[in-house]
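Architecture at a glance
Listed below are the residues making up each chain.
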Amino acid sequence: MRAWWADRTAREQIMLSAMAVLCLCVAVYFFAILPMKSYRDSARASFYAAQNVFDEVSSAAAQLEQIAVSPRRGPEPNGEPVRIFASATAQQLGLGITRIQPVNETDVAFWFDAVAVRDLFNWIVTLEAEAGVSFPRIEVLKHLDADAVQAQVILRSAP
């Protein structure tokens, strides 16, 4: 390789060196800088999306705290069982209930496959305020590729 380089004229050596530097710059730009910019933009978008979800959840949690200290109504609004009231309220809010299952005499489990976080917490807040139910367990799973969440909510009516 050294012999080949030594056989080149000074002008060819300068041109080949400039070409090598230019190729290196292009490779660094396309294989390092552009992927880093793309990753940064993706991370920024994910951060803002997570921040919006956090703000919604924080707002709903504040509403739940406020409801927790306010006086509650009886466990059966309008004389209907809490399970039926919760199901009707979910349908009014546009939540698609996947499954409803009694857990014991006071608890009922609701499953949701794909619901918006805001709608889910509005449903919880409404049930807290209007039916006086408590929620011993709420499981929420957020899928990375979707805006909706999957949830299992167990609500407990007053004995």
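Residues numbered from 1 in each chain as written. Predicted model: local features only at pLDDT ≥ 70, side-chain atom pairs only at ≥ 80, totals over all residues. Heavy atoms only, no water.

Re the overall build of the protein chain
In terms of helices and strands, the protein chain carries four helices and four strands. Beginning at the N terminus, the succession of helices and strands in the protein chain can be written as α-α-α-β-β-α-β-β. Within the span of the protein chain, comprising 159 residues, buried residues form 22% of the whole. Within the protein chain, contacts between residues separated by at least 24 positions form 54% of all contacts whose residues are at least 6 apart in sequence. (Helix = DSSP H or I, 4+ residues; strand = E, 2+ residues; numbered from the N terminus. Buried < 20%, exposed > 50% of the residue type's maximum accessible area, 1.4 Å probe, protein only. Contact = heavy atoms within 4.5 Å.)

Digging into the packing of helix H3 (residues 82-92) against helix H4 (residues 117-131)
The interhelical angle for the contact between H3 and H4, taken along N-to-C directions, is 140 degrees, at an axis separation of 10 Å. Looking at the two axes, H3 sits oblique to H4. Judged by the sense of rotation from one axis to the other, the crossing of H3 with H4 is right-handed. For the pair H3 and H4, the contacting residues are Phe85, Ala86, Thr89 and Ala90 in the first and Trp123, Thr126, Leu127, Glu130 and Ala131 in the second. (Axes fitted to C-alpha atoms, helices over the stretch in contact; angles between N-to-C directions. Parallel < 35°, antiparallel > 145°, perpendicular 65-115°, else oblique. Left-handed = near helix turned anticlockwise from the far one by under 90°.)

Overview of the pairing of strand E1 (residues 97-102)
With five bridges joining them, E1 and strand E2 (residues 107-115) adopt antiparallel strand pairing. Within E2, the residue paired with isoleucine 97 across the bridge is phenylalanine 112. Between E1 and E2, which pair antiparallel one after the other, the connecting turn spans four residues. (Pairing = 2+ DSSP bridges.)

Describing H3
All of the buried residues along H3 are Val82, Phe85, Ala86, Ser87, Thr89 and Ala90. Where H3 is buried, its residues meet E1, E2, H4 and strand E4 (149-156). Just downstream of H3, glycine 94 is the residue with a positive phi angle, here 80 degrees.

A word on the sheet that holds E4
As summarised here, the arrangement of the four strands in space is E1-E2-E4-E3, forming an open sheet in which the pairing is antiparallel. Edge positions in the open sheet fall to E1 and strand E3 (134-142), since each of these has one partner strand only. Geometrically, the sheet is characterised by an average inter-axis angle of 10 degrees between neighbouring strands, direction not taken into account. Summarising the sheet, E3 and E4 pair through seven bridges and their orientation is antiparallel. Across the sheet, residue arginine 137 finds its bridge partner in E4, namely isoleucine 154.

Focus on the pattern of salt bridges
Close approach of charged atoms allows side chains of opposite charge to pair. Throughout the structure, instances matching the rule amount to five salt bridges. A salt bridge links arginine 156 to aspartate 107; the nearest nitrogen and oxygen atoms lie 2.7 Å apart. Note that arginine 156 is positioned in strand E4 and aspartate 107 in strand E2, a separation of 49 residues in sequence. Accessibility expressed as a relative area gives 35% for arginine 156, which makes it partly exposed. We classify aspartate 107 as buried; its relative accessible area is 5%. (Salt bridge = Lys/Arg side-chain N within 4 Å of Asp/Glu carboxyl O.)

Some points on the environment of glutamine 91
Of note, glutamine 91 is situated in helix H3. Relative accessible area serves as the criterion here: at 60%, glutamine 91 is assigned to the exposed category.

Quick look at the nonpolar core
One finds Phe112, Leu120, Trp123, Leu127 and Leu155 to be the most contacted residues of the largest nonpolar core, which totals 23 residues. Here this core takes seven residues from H4, the largest share from any one element. Other than its neighbours up to four places away in sequence, tryptophan 123 contacts Ala86, Thr89, Ala90, Leu93, Leu95, Phe110, Phe112, Val153 and Leu155. (Core = buried A, V, L, I, M, F, W, Y, C linked by side-chain atoms within 4.5 Å.)

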